[in-house]
Amino acid sequence: MPEIIVDGKSYQVAAGGNLLQACQSLKLELPYFCWHPALNSVGSCRQCAVLIYQSEEDTRGRISMACMTAVADGQRLSIKADKVAKFRELCIEATMTGHPHDCPVCEEAGECHLQDMTLLSGHINRRFEGPKRTHNNQYLGPFINHEMNRCIACYRCVRFYRDYSGGTDLNVFASRNNVFFGRAEAGVLESEFSGNLVEVCPTGVFTDKTYSQHYSRKWDLQSAPAICIHCSVGCNIYPAERNGILRRISNRFHSQLNGHFLCDRGRFGYEFVNHAKRNEQVWQRNQQSKCTDQLDTQQAFNRLTELLATTDQDELVAIGSSRTSLENNFSLQCLVGKENFYSDMKSVVQIQVNQLLAHYRQVQQSSDLQSLEQSDCLLLIGEDVTQTAPRVALAVRQMSRNAGIEKAAALGIPYWSDAEVKNISQDLKSPLHIISHCHTKLDDIATSIDTRHPDVQLLLIEKISHYLIVDANISTQIDPDNELDQTALAISIDLRNAQHPFILTGIHLGQNSAIFTATLLLSAILYQLNPAAGFICTLPQANSLGLSLLNDGDCDLDAALQRLTEHKTKTLIILETDLYRYYSVEKLQYLFDNVENIIVLDHLLTATAEQADLLLPTCSFAESHGSWVNYEGRLQGGIKCFAASKQRRPAYQWLTNDTDFQSIIKDLSGLSDCLKTLGSLYPKQSGGFNNARKSVRESGRTALSSYIDIKEIPPDNDFDSNYQHSSEGIASHIDKNQSPAYIWSPNWNSNEAVSHFQQTDNGAIRGAPQGILLFDKTANDTVFRVKNATGEAPLAKPPNVDKLFKVLPFHHIFNDEELSSYVATVQQLQPKACLKLNSQQAQSLGFTAGEQLHYCFVPAIISNHDRFKSKETQSLPLQIDDGIATGVILLPANIIQQQGASFDNWLLLTRTSTRGES
Amino acid sequence: MKSQLETLAKVLKHSFSPADTVQYPEQQPYLSPRYRGRIVLTRDPDGEERCVACNLCATVCPVDCIALQKTELADGRWVAETFDINFARCIMCGFCEEACPTHAIQLTPDFEMAEYDRQNLLYRKEHLLISGTGKYHDYNFYQISGKAIAGKGKGEAQRELAPVDIKSLLP
């Protein structure tokens, strides 16, 4: 470890980094703008100037930028020397000459890196009396507000947007101090990661528009460490609340998962918590008076007990939820018994999830995103991760830059010298092979893209596996004219040559299950070949894996519906699931009519909740504690951010007659060996001081609720964790043993303060649990048993298959996830539903783009196709997409989920709804 | 003996000095314009609300008796949707006035705020907002701020250049 001497004190620092990184890890206060822990150094803002001395005798020193100077053993430098302090002050004074007099009306003020750095540099008085340059703003969509006057031209935004996340529509225009950061034309930002501009921008050029709708200064917000529930990655977030309204979501650093960045669905999809359709009261359907009665909490508990007591075990069915916490599902399962508990996954998905679990247990564990970022070859099969689990796609982009970084390293250029690395790497990218049924947003960095028919792709994957098993020198024996063989060979050679090859796939409804099985096999072969090989498989929802761990293999949603059809059911309990997303209205109406009591627990008034005979209002992720199992089997605990209003209470409390959270955790951790340490995610309330969820600067404590009563209302108590709903208690920056409730450190008001919470440079947050890896080789899960599932036998194709299209789904970041699609701003960005065909097929059938076409799903089991009546015919406009294979038609994933058959989907296209033939 | 007589003389002398007692409320004391009494929210010279809901007054308040919520008008101005001061808690320290970047919140020479019902000591925005400029007559925040509002576009505030033409290639 090199030793550096800063202002006469010597420190041990990590080798290979730069001086700014070293100062950051030592928590020394050195200002900076253009440097970012994930974006590295370009040395343009001149803020991190330090004085470097040649030797012990050197008393003059020379000014050098810390971010551009490599750490060397025995280096002497000064941060505090007058000369360099004056230099920094003059630099920031020049930067500030054009900055507007805006702070009172700026959303960034109070957590502004520019404010912090200006104060840190000592510039407090404006001397410049000349005029300020101004810019016109642009409309950038419903999420991001643009206020270009505030720009200090650090270039972080374009470096993040273009270089890091691969966006193309944000750029820098004009020259010298007129530079303008925005789009060529006003319009919605196209990147799925645009929300990160809010945190990347050191000042208020890009601010969160949704936060501004119900704005509150950072110091007034109450927050707690939580887990994002919008996809299976389980990014760490800080929800922030004031006065009962969830105000915003910001990033919570997790070194192995989300790092510094979130996707837009995670950041802006939170408004369902404040939604007008949220449930706050217990409602009971009154058949006599044809209306709904409101029950008080005790009546509700009594009614629930009464309904369950009068129902026989075999007349009781419960459906769990993959969008709610493990505790809620566990409580429901305990209440109704294992045999009556069903998951909310259709059987085809459940089978694949079980296959995946078997793979994790017996073959290979999954990997985190940090190791994906460090991989040097990736094969992506069948999943459009940019739309289904966007944070993974961002990691894929970092992986593709590794070849360039390696090339630069060979020339002696360190990885952190961003401009140099970029210059050296040019178009050099690490190999990324994509096998997918449609073009995706990752195509621009892909080495090869295969969008052939799924049947061909299956063959391709099998061939890749084959070439991995047999000797690589087989190339001479391969027919040079066979394109498929050539592709397979090229991919297998890349996978073989890589040090850390990765397979990335996913589970979603409507995908070809044979391809998924083949992918698992391929990954297993690769893993046998190279133990450093990684594997990532995304899942449909935040807790899909958690629910599958609790649930037994056969108890999927299709099985639940079959039981409802075949056996008399008196009581049906539905936990936080909207069944109308999975089945058509007609089908469910018939089933619901046959059930005497439908009990729904949900925090939103979903279509299913409207059918309830007893509706119990539950809590969203921000209002209750809960554990989530992400795609890799990482069990993470989310701490409740604020107390639930009115009659809302966590589902586990409704289902366990008000048992406290710690007891449920205790029961749950007894379930399996790998859950033994579950309690460590939720530290119990300690006798003395607890941690504060609010900052010490919180304002308005004696006035906020005085319109209700001028006597102050005491804050809610949280007996389940050692966080308090108050600013009283240990502040996060002081307690080193506890996951911080918010990121703030003296002099560092912005999220950049995160470096003061990290143990090492860009390392984990001190005190924050990294999650429990359930499939750790050392852990032994004895109770969690899943049948060793194999892929189902390939189904017979329907007759007259030449007239039918194979249906595959296409996803959209704002379309597919249930909770975020309740949010008005997200809805604005949902694309119009359409059918997608390639132009050749459209031409041969005489269809033109934009034409409204009728379609109906043809179940594969229908034997007599000619007599098939298209009773569920619907229509959608046609869109031409030449990336689609012939014989394949793409439909929005949510439509397939709702209307499609469970296994293999075939589609009949017609011009008019009356005729059955095309 | 001597000191006792002196004391008696002193007391006697006071019988002839004018009384200090003020016949309040018939007789009103002089309060300087800088007196720190009842808090008001003022308007700018154009008659628009000065408060931009920046929250600094609430933050600096040592007894946390100010609570407000920001909202935005159609013309782009930030204003307070609600502005509550709990005068049951206020100690008239004047920190809020010092912190206010727009001269919106000001303390006035009025202290007669006693109430029979404590709830009436909560002053909401409609009770606080006056129609004048208060002590500071000329200050108009939005004429200095870079934020555009209806009627004052980019580059039209004091000491601002016209917006940059980003398509220009001139040096």
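This structure is a prediction, so every number in the text was calculated from the model and none was measured.

Considerations on the overall build of chain A
Phase 1: A tally of regular secondary structure across chain A gives 27 helices and 37 strands.
Phase 2: Dimensions along the principal axes, computed over C-alpha positions, put chain A at roughly 95 × 80 × 55 Å.
Phase 3: Buried positions account for 63% of the 918 residues belonging to chain A.
Phase 4: Here the analysis covers contacts within chain A between residues at least 6 apart in sequence; of these, 74% occur between residues at least 24 apart.
Phase 5: Accessible surface, chain A as shown: approximately 34200 Å² in total, 50% of it carbon and sulfur.

Section: the domain arrangement of chain A
Residues and elements named next belong to chain A.
Phase 1: Domain boundaries in chain A define domain 1 (3–80), domain 2 (349–539) and domain 3 (801–910).
Phase 2: One C-alpha centre belongs to domain 2, the other to domain 3, and the line joining them spans 28 Å.
Phase 3: Across the domain 2/domain 3 interface, buried area totals approximately 1400 Å², and carbon plus sulfur atoms make up 65% of it.
Phase 4: Sorting the residues of domain 2 by area buried against domain 3 places Gln-387, His-437 and Leu-509 first, and these three jointly supply 37% of that buried surface.
Phase 5: Taken together, the connections running from domain 2 to domain 3 amount to 3 residue pairs in polar contact (both at pLDDT 80 or more).
Phase 6: Sorting elements by how many residues they give to the side of domain 2 that touches domain 3 places helix α12 (residues 385–388) first, with 3 residues.

Topic: the environment of Asn762(A)
Residue and element names in this part refer to chain A.
Phase 1: Note on placement: Asn-762 falls in the loop between β30 (723–724) and β31 (772–773).
Phase 2: Apart from the residues lying within four places of it in its own chain, the contact partners of Asn-762 are Pro-37, Phe-253, Ser-255 and His-260.
Phase 3: Within the structure, Asn-762 has its side chain in polar contact with the side chain of His-260 (distance 3.0 Å).

Some thoughts on the pairing of strand β13 (residues 236–242) of chain A
All names here are of chain A.
Phase 1: Extensive coverage of β13 is indicated by the burial of 7 of its 7 residues.
Phase 2: In β13, alternate side chains face the same way, and those of Asn-236, Tyr-238, Ala-240 and Arg-242 on one face and Ile-237, Pro-239 and Glu-241 on the other are all buried.
Phase 3: Bridge analysis of strand β11 (residues 222–223) against β13 gives 2 bridges, and the strand direction is antiparallel. Each bridged residue has a counterpart across the sheet, and for Ser-223 the counterpart in β13 is Ala-240.
Phase 4: The sheet contact formed by strand β12 (residues 226–227) and β13 spans 2 bridges and is antiparallel. Note on β13: the bridge partner recorded for Ala-226 is Ile-237.
Phase 5: Here β13 pairs with strand β14 (residues 245–251) via 6 bridges, running antiparallel. Paired with Pro-239 across the bridge in β14 is Ile-249.
Phase 6: Linking two consecutive strands that pair antiparallel, namely β13 and β14, is a turn of 2 residues; a positive phi of about 55° is found at Asn-243 within it.

Structural notes on the pattern of salt bridges
Residues and elements named next belong to chain A.
Phase 1: Counting across every chain of the model gives 44 salt bridges over all chains.
Phase 2: Among the ionic pairs, Arg-159 bridges to Asp-418, the shortest N-O distance being 3.6 Å. Within this pair, whereas Arg-159 is found in helix α4 (residues 156–164), its partner Asp-418 is found in helix α15 (residues 418–425), the two being separated by 259 residues in sequence. No difference in accessibility class separates Arg-159 from Asp-418, as the two residues are buried.

A short note on the sheet that holds strand β28 (residues 634–638) of chain A
Residues and elements named next belong to chain A.
Phase 1: Taken together, 3 strands build an open sheet; the order of strands is β27-β28-β31 and the sheet is antiparallel. Each edge of the open sheet is held by one strand with a lone partner, namely β27 (626–629) and β31.
Phase 2: Pairing of β28 with β31 involves 2 bridges; the strand directions are antiparallel. Bridge assignment links Leu-635 to a residue of β31, and that residue is Ile-772.

Some points on the packing of aromatic side chains
Residue and element names in this part refer to chain A.
Phase 1: Scanning all chains against the criterion turns up 23 aromatic pairs over all chains.
Phase 2: With a centroid separation of 5.8 Å and an interplanar angle of 25°, the aromatic rings of Phe-160 and Tyr-164 are classed as stacked. With a gap of 4 residues between them, Phe-160 and Tyr-164 both fall in helix α4, about one helical turn apart.
Phase 3: When the centroid spacing of 6.4 Å and the interplanar angle of 70° are considered together, the rings of Tyr-360 and Phe-535 count as edge-to-face. Here Phe-535 lies in strand β23 (residues 534–538) and Tyr-360 lies in helix α10 (residues 347–362), a separation of 175 residues in the sequence.
Phase 4: Here the guanidinium or amino end of Arg-649 rests over the ring plane of Trp-654, the centre of that ring lying 5.5 Å away.
Phase 5: Here Lys-806 stacks its cationic end above the ring of Trp-906, 5.4 Å away from the centre of that ring.

So, the nonpolar core
All names here are of chain A.
Phase 1: By size, the foremost hydrophobic cluster in this structure holds 163 residues, and its most contacted members are Leu-356, Ile-464 and Phe-621.
Phase 2: Each of domain 2 (349–539) and domain 3 (801–910) accounts for three or more of the residues forming this core.
Phase 3: Not counting residues up to four positions away in its chain, the partners in contact with Ile-464 are Leu-379, Ile-435, Ala-488, Ile-491, Ser-492, Leu-495 and Leu-522.
Phase 4: Counting 44 residues, the second largest nonpolar core, distinct from the first, contains Cys-23, Ala-49, Val-50 and Ala-66.

Things to note about the interface of chain A and chain B
Phase 1: Across the contact, 47 residues belong to chain A and 43 residues belong to chain B.
Phase 2: Buried surface at the junction of chain A and chain B, summed over both partners, amounts to about 3600 Å²; 52% is from carbon and sulfur atoms.
Phase 3: On the chain A side of the contact with chain B, Val105(A), Thr134(A) and Ile710(A) bury the most area, a combined 18% of that side's loss.
Phase 4: Linking chain A to chain B there are 3 salt bridges.
Phase 5: Arg701(A) is the partner of Asp64(B) in a salt bridge, and the nearest nitrogen-oxygen pair spans 2.9 Å.

Thoughts on the side chain of Asp64(B)
Phase 1: Mapping Asp64(B) onto the fold places it in the loop between α2 (56–60) and β2 (66–72).
Phase 2: When its relative accessible area of 6% is taken as the criterion, Asp64(B) is described as buried.
Phase 3: Separated by 2.9 Å, the side chains of Asp64(B) and Arg701(A) make a polar contact.
Phase 4: Ignoring anything within four residues of it in the chain, the contact list for Asp64(B) reads Glu698(A), Ser699(A), Gly700(A), Arg701(A), Thr702(A), Ala703(A) and Ala58(B).

Details of the sheet that holds strand β26 (residues 614–617) of chain A
Residue and element names in this part refer to chain A.
Phase 1: Strands sit in the order β16-β15-β26-β25-β24-β17-β18 across an open sheet of 7 strands; the sheet is mixed. Sheet topology places β16 (291–295) and β18 (341–342) at the edges, where each strand pairs with a single neighbour.
Phase 2: With 5 bridges connecting them, strand β15 (residues 282–286) and β16 associate as antiparallel partners. What sits directly across from Trp-283, in β16, is Gln-294.
Phase 3: On the sheet, helix α9 (residues 326–336) packs against β17 (316–319), β18 and β24 (571–575) and is oriented at approximately 165° with respect to β24.

Rules used in this analysis
- Residues numbered from 1 in each chain as written.
- Chains lettered and ligands numbered in written order.
- Predicted model: local features only at pLDDT ≥ 70, side-chain atom pairs only at ≥ 80, totals over all residues.
- Heavy atoms only, no water.
- Helix = DSSP H or I, 4+ residues; strand = E, 2+ residues; numbered from the N terminus.
- Buried < 20%, exposed > 50% of the residue type's maximum accessible area, 1.4 Å probe, protein only.
- Contact = heavy atoms within 4.5 Å.
- Areas by Shrake-Rupley, 256 points an atom, 1.4 Å probe, with all protein chains shown as cover.
- Domains from an automatic or database assignment.
- Buried area = accessible area lost by both parts, 1.4 Å probe.
- Polar contact = N/O pair within 3.5 Å; in protein donor to acceptor, adjacent residues only side chain to side chain.
- Pairing = 2+ DSSP bridges.
- Salt bridge = Lys/Arg side-chain N within 4 Å of Asp/Glu carboxyl O.
- Phe/Tyr/Trp six-rings, centres within 6.5 Å; stacked < 30°, edge-to-face > 60°.
- Lys NZ or Arg CZ within 6 Å of the ring centre and 35° of its normal.
- Core = buried A, V, L, I, M, F, W, Y, C linked by side-chain atoms within 4.5 Å.
- Axes fitted to C-alpha atoms, helices over the stretch in contact; angles between N-to-C directions.

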